[in-house]
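# Commentary on secondary and tertiary structure
Take a look at the letters that make up each chain.
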Amino acid sequence: MARQKELLATGQVIPTALHAEMQRSYLEYAMSVIVGRALPDVRDGLKPVHRRILYAMHELGLTSDRPFRKCARVVGDVLGKYHPHGDQAVYDALVRMVQDFSSRYPLLAGHGNFGSVDNDPPAAMRYTETRLAAIADESLLRDISEAIVDFTSNFDNSQQEPVVLPAQLPLLLLNGCTGIAVGMATNVPPHNLGELVDGAIALIDNPELSDEKLWKMIPGPDFPTGGEIIETQGIREAYLTGKGIIPVRGVTSIERLDVGRQRRKERTALIVTELPYQVAKALWIEKMAELVNQGRLEGIADIRDESDRSGMRVVIELKRDADPELVLAALYRQTALQNNFGAILLGLVDNKPCQLSLRQLLQEFLTFREQTLTRQYANELEQAQNRLHLVEGLLMALNHLDEAIDILRHAPDGTTAKYSLQERLGISEVQSDAILAMPMRRLTGLERQKLHSEYDEIQAQIVQLQTLLRDRTELLRTLKKELRSLKRKFGDARRTKIIVTSTKTVDKKTREQKDTGTRGQGDKEDKRNKQDTGTQGQGQKDTEDKKDKQDKGTKEARKLEATSSVPLSTSQPLALFTPQPPPEDAVLEITYQGKASWRSARSPAPSALRQTENDFSIYSEAIQKRDFLLILTDMGKAYPVPVQEIPSVESQPISLLGLLPKSGDENANRAVFYGFLPEEASNTQLLLLTEQGRIKRMPLSELNGLKNRGLTAIKLKEGDRLRYACLATEGQEAAIATSGGRILRLPLIDDRMPMMGRNTQGNTALPLRYGEQLVGCVTLNPDELIVVVSQLGYGKRIPKTTLRLAKLGDIGTQAMQFINTEDNLAGMVAAQKGGEMVLVTSHERHLGVSVDSVALWGKDGTGDHLVKLKGEEIILKALLQ
């Protein structure tokens, strides 16, 4: 175009085909939009506007440890220096980087109203404040300089801006990206940081790693709003080809609500606690209400939004005779409670748009990170060599101090002194300048020693940097160490669950439920109304009989669907296995990290789980002919898990929480109790102790009739969680330990601790002092001793008879004294002679200790030092193996 303008200015006319000119001009415009606005760079995962916002805030000094500044100031700097476009476009991009429901790991922190999941608009930029989040400060901008990444001139050549940020994490996959360019679009889903780090390290160790193994480490997207991915086929297509459709559902549960009516005080309700990614809650509720008013969505009596600061809660109250499964199927089909995420892994590679697979995206990031590390270490080496050169000159002057002083004394001016130093001492111009600028205090003995120490440190640093630059293996080892450090700082648990339907039967039954959803609901209601001609009790009985028949028809589908929900974490990849009953000689094994599997008792080798670095078996029992495993969560609910849903050790072991039904505790953090019910359960009791020190003794028979929806074993106060649970029998004793070293010994008899039902909170076991917490609760047999271990590794065995029998509410007996005031009790176990104990440390070490090796002490004394700890390492927990 510029050439044509020059020719036109000289009067020359060049005939050009209109279609050719339009094609060329349109392509220039399209590439300008693609590269300059719409698509992210695969190296740092950012569009230009996001990169400019982050760099402008870095230049303003708005780090994560500095005060917040007005967003208007940031937007003004971005517009004036780097991004000459609309201020609203810049502010919208800034707001999105603050919203925790838009970004999985927000790069900016904010004060003020930045919008909500209801699609509420943010406040004006003059009201809101922002600064860099710690993850952006640490992994994007910490080492930025012209020596590490390329810089270019801004739009008016008045400033320099980075072409790319030195990202230490694969940000394109971490937070995802959405962009519409000319003729193409990108829609990258967000992922879990810990899973991405594990996958990247695996590719560093083995570039030829198979796709299947990589997908086990990165099983799927992890959306900031949670939800459930219901199929894996779309994930596999997206990861393999760069494009796929991923179905996502909201998280729902069924509850019975007390509506306070005279004739019928309870009503069934669907509770929605999570929505699919990018679904606005208010618009979804509005759409649902519109469908109900139009008669297209039947069976719903009321819709309420009870969401608050603690989380989302939308209550969909159903009519008296509505089937919750049919209503839920209609909601999935007609509303955004289930939608498809169209994944398109498109980004810029060398300023060219490319559709990449998961492996290619990670490899592009690793290649870029290796280049930036090489440039960083080369720059550090150059600076170290320059500094070493200066220090050598200063040491030369100190070694020839008399001669240097004589030169300075007789030199008429600084220039002459400079050249005289170079000539007589044989030093460079830079070294002579440093000597002339050296203050007199450098002549003291202490300053000389500092120079010699600095000289040695710089030499060691140069050797290390040269090794990193010469040896690619050492460089990659440093890269892996950096990734693991970021995982420890910013990694968190997976929010989005992945549900794998293991048989086609489930899909068929689900389709049948959907097909008969709202279309047949009206006919069913009419039929029921005709039958409700007798008394009210008889009509209610007829309705319940019909509902039982419906439930029986869909029982198998609901059971398979409920048990296929697998919550994932950074340490638990997706388990793909076909449910099958274990053999008769199978042995159930559960590990410290809460993974369950079974192995054959005839297998000569122990479980592979015992051989892993960060896990070990803590529970082993023959399955025999038992039907289900009992699991009790820290939210106080008990669930049955069919044994056929537990995988073999040759398959991928699964977490205990992953075995819970779909309607299980969404807020549960761990399984407090797990095991098979004893055959003689009539005399067995369950002892429950909460974090706030409330204890309850309950007959195990209270859990009879346990269903997939679970049963509440203890009613918890707000903020309280179940801490310990153990089986007991009449006449046994219990011991409760606190971090302050106190032990409360209680007899399990009705006079001291009465039996209670399921829906009770229990009594206060003992008062907890400020900063004190519970560290153990065990039941004691006559031949068992109490073993206590402190955080600094001191331990002892205590006969239970040295502890006085107490009653509920007592303060207990001080059973452990501490040498160090910072020491606390870490754990307590009840063990017999010959037992083995495992101590878990803060450095993820598992130290085995024989119970017989622990010395026998009384309640007084500190005990013996059991294990040798490293640095600031402490004992976190003591367990019996």
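Note that the structure is predicted; figures quoted are calculated from it, not measured.

Of all the five residues making up strand β25 (residues 671-675), five are buried; the element is thus mostly covered by neighbouring parts of the structure. Sheet topology places strand β22 (residues 628-633) next to β25; four bridges connect them, and they run antiparallel. Looking at β25, one finds that I631 is bridged to Y674.

For the rest of this paragraph, the subject is the confidence of the model for the protein. The predicted structure's coordinates, where accompanied by low pLDDT, should not be read in detail. Mean pLDDT for the protein: 84, with 86% of residues reaching 70 or above. In this model, residues 502-578 is a region of pLDDT below 50 whose contacts with residues beyond four sequence positions or in other chains number 125 contacts. Segment residues 604-612 is flagged for pLDDT under 50; beyond a separation of four residues in sequence, or across chains, it makes 16 contacts in the model.

The contact between helix α14 (residues 401-410) and helix α15 (residues 414-425) brings their axes to 9 Å, and the two run at 150 degrees. Taken as axis vectors, α14 and α15 run roughly antiparallel relative to one another. As for the relative orientation of α14 and α15, their crossing is right-handed in sense. Contacts between α14 and α15 involve E403, A404, D406, I407 and L408 on the former and, on the latter, A417, S420, L421, R424 and L425. Here the contact of α14 with α15 is composed, by residue class, of six nonpolar, one polar and three charged.

Attention now goes to the packing of aromatic side chains. Tallied over the full model, the rule gives seven aromatic pairs. Ring geometry for F223 and F341: centres 5.4 Å apart, planes at 55 degrees, overall tilted. One end of the pair, F223, is in the loop between α9 (211-217) and β8 (228-229); the other, F341, is in strand β14 (residues 338-344), with 118 residues separating them in the sequence. Like F223, the residue F341 is buried in the burial classification. Here Y592 and F616 contribute two aromatic rings whose centre-to-centre distance is 5.4 Å and whose plane-to-plane angle is 5 degrees, an arrangement assigned as stacked. With a gap of 24 residues between them, Y592 in the loop between β19 (586-591) and β20 (595-600) and F616 in the loop between β20 and β21 (617-622) connect regions that are remote in the sequence.

For the rest of this paragraph, the subject is the side chain of E733. Here E733 lies in strand β30 (residues 733-738). Of the polar contacts made by the side chain of E733, one reaches the side chain of R745; its length is 2.8 Å. Non-local contacts of E733, meaning those with residues more than four positions away in its chain, are made with R745, L746, P747, L748, V778, T779, L780, K800 and L805.

Cut-offs and rules
Residues numbered from 1 in each chain as written. Predicted model: local features only at pLDDT ≥ 70, side-chain atom pairs only at ≥ 80, totals over all residues. Heavy atoms only, no water. Buried < 20%, exposed > 50% of the residue type's maximum accessible area, 1.4 Å probe, protein only. Helix = DSSP H or I, 4+ residues; strand = E, 2+ residues; numbered from the N terminus. Pairing = 2+ DSSP bridges. pLDDT = per-residue confidence, 0-100. Contact = heavy atoms within 4.5 Å. Axes fitted to C-alpha atoms, helices over the stretch in contact; angles between N-to-C directions. Parallel < 35°, antiparallel > 145°, perpendicular 65-115°, else oblique. Left-handed = near helix turned anticlockwise from the far one by under 90°. Nonpolar A, V, L, I, M, F, W, Y, C, P; charged D, E, K, R; others polar. Phe/Tyr/Trp six-rings, centres within 6.5 Å; stacked < 30°, edge-to-face > 60°. Polar contact = N/O pair within 3.5 Å; in protein donor to acceptor, adjacent residues only side chain to side chain.

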